[in-house]
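What the coordinates show
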Amino acid sequence: MQDLATTSSKSTGWRNAGLLTLAALAAAYIAVRTQSARAERQHPPTGRFIDVDGVRLHYLEQGAGPALVLLHGNMVMADDFRLSGLIERLAPQYRVIAFDRPGFGYSERPRDISWTPDAQATLLHQALRQLGADEYLVLGHSWGTLVALAMGLQEPARVRGLLLLSGYYYPGPRLDVPLAALPAIPVLGDMMRYTVSPLCGRLAWPLTAKGMFSPATVPDSFRREPPWMLLRPRQVRATASEAALMIPGAAALEGRYGQLQMPVGVMAGEGDKVIDPHRHSERLHRMLADSELTLLPGMGHMLPHLAQDDIAEAVDALAERAGLAPPAQRLDGAAQHGDSADRAPAG
């Protein structure tokens, strides 16, 4: 009888634990749904939509002149370039087109496609054809540099130049990938991204931001970033998928970097804690036929928020090297946005 009572007690304990877990997951689901819906109401799409091979893409467009395509990194979206002030900085001289890459912002990411850098590059080339852009410069940041490189390799006649910021170019072990990729796992990942993953991401948000900007401080422009727009379940899936695809994506491209003949600018923060600039940016620079490397002292990973002057000057230099119509002279950009004379190009 005592054994039966013990077994019954254990069974009741497990049942109660299961019910508590289900209740906690239900509460988390409701919280995530509520916060995500509120974020979308407060931050509706501000750009335009285009349908490309059955995929609906959202993009921002501003300015006139040579076409300049902006590709954001993992976790964020095209609006990051607006919040940083970079679009406004570049639009007086260029036709700036900033895409929400598949799954980010308000762009779709169909699950039946593996969205490798090459797959995204093919989609974006087609989108740019539909937008009437025959040739363009491409600026990629972080994960977006892999897509930019794939675009240059696929259609070198159309991609006149590349500007690569804070990129990951060579495969290697990363301790952060297994944990970051968990929400991309079918079934388990689906449960996580609708419950615990966004809540944990929100709790960790201040530390995450600090790590992305270190050794610099987090600027006001990034503090305006709406965290829950970046933690919606479908964006969490895209973020996790790209964490899983980062190493194989670089592995698929690295053997082809030497084929790039267009002018390339490679730029990174010398203090980047997310991607080692010496193992990646410096190494890529040595591999390319026509490359200029700039390492920015005292700066971390998020260069669009930290180095608008340096980026604008690098875009102008790239346009000249590519033989595009020279942009109008900027109106004392260094005086308006801070002197960058001490940030000399690296050899």
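That block above? That's the structure.
Everything in this summary refers to the structure shown in the same document.

1. Some details on the pairing of strand S8 (residues 291–296)
Counting buried positions along S8 gives five out of six residues, so the element sits mostly inside the fold. Regarding topology, helix H13 (residues 278–287) serves as the crossover connection from strand S7 (residues 264–269) to the parallel S8, and that connection is right-handed.

2. Re the packing of aromatic side chains
Tallied over the full model, the rule gives five aromatic pairs. Considering the side-chain rings of Tyr59 and Phe99, the 5.9 Å spacing of their centres and the 45° angle between planes classify their relative orientation as tilted. Here Phe99 lies in strand S4 (residues 95–99) and Tyr59 lies in strand S2 (residues 55–62), a separation of 40 residues in the sequence. Residue classification places Phe99 among the buried positions, given a relative accessible area of 0%. Consider the rings of Phe213 and Phe222, whose centres lie 5.0 Å apart with planes at 65°: the pair is edge-to-face. Clustering of aromatic rings is evident, with ring pairs tying together Trp205, Phe213 and Phe222. Arg232 extends its terminal NZ or CZ atom over the ring of Tyr106, reaching a point 5.4 Å from the ring centre. Between the NZ or CZ atom of Arg283 and the centre of the ring of Tyr170, over which it lies, the distance is 3.8 Å.

3. A closer look at the environment of Asp309
Mapped onto the elements of the fold, Asp309 is located in helix H15 (residues 308–321). For the pair Asp309 and Arg89, spaced 220 residues apart in the sequence, the C-alpha separation amounts to 8.4 Å. Engagement of the side chain of Asp309 in a polar contact is seen with the side chain of Arg89, the distance being 2.5 Å.

4. Brief notes about the nonpolar core
Ranked by internal contacts, the top residues of the largest apolar core, which has 50 residues, are Leu57, Phe99, Tyr136, Val138, Met151, Leu162 and Tyr257. Looking at which element gives the most residues to this core, the answer is helix H5 (residues 143–154), with eight residues. Look past the residues within four positions of Phe99 in its chain and what remains in contact with it is Leu57, His58, Tyr59, Val69, Leu70, His72, Ala78, Leu124, Ala127, Leu128 and Leu131.

5. Some thoughts on the pairing of S7
Here S7 lies mainly inside the structure; six of its six residues are buried. With burial as the criterion, each face of S7 is covered, one bearing Val264, Val266 and Ala268 and the other bearing Gly265, Met267 and Gly269. Pairing geometry for strand S6 (residues 159–165) and S7, over four bridges, is parallel. For Leu162, the partnering residue across the bridge sits in S7 and is Val264. Note: S7 against S8, six bridges, orientation parallel. By the bridge assignment, Val264 is partnered in S8 with Ser291.

6. Some remarks on the environment of Ile275
Residue placement: Ile275 occurs in the loop between S7 and H13. You can call Ile275 buried: its relative accessible area is 4%. Separated by 25 residues in sequence, Ile275 and Gly300 place their C-alpha atoms 9.2 Å apart.

7. Some thoughts on the pattern of salt bridges
Under the definition given, this model contains 17 salt bridges. With a closest N to O distance of 2.8 Å, Arg232 and Glu40 form a salt bridge. You can see Arg232 sitting in the loop between helix H11 (227–230) and helix H12 (233–254) and its partner Glu40 sitting in helix H1 (residues 2–42), a full 192 residues away along the chain. Its relative accessible area of 2% is what places Arg232 among the buried residues.

Rules behind the numbers
- Residues numbered from 1 in each chain as written.
- Predicted model: local features only at pLDDT ≥ 70, side-chain atom pairs only at ≥ 80, totals over all residues.
- Heavy atoms only, no water.
- Buried < 20%, exposed > 50% of the residue type's maximum accessible area, 1.4 Å probe, protein only.
- Helix = DSSP H or I, 4+ residues; strand = E, 2+ residues; numbered from the N terminus.
- Right-handed = clockwise from strand over helix to strand, strands pointing away.
- Phe/Tyr/Trp six-rings, centres within 6.5 Å; stacked < 30°, edge-to-face > 60°.
- Lys NZ or Arg CZ within 6 Å of the ring centre and 35° of its normal.
- Polar contact = N/O pair within 3.5 Å; in protein donor to acceptor, adjacent residues only side chain to side chain.
- Core = buried A, V, L, I, M, F, W, Y, C linked by side-chain atoms within 4.5 Å.
- Contact = heavy atoms within 4.5 Å.
- Pairing = 2+ DSSP bridges.
- Salt bridge = Lys/Arg side-chain N within 4 Å of Asp/Glu carboxyl O.

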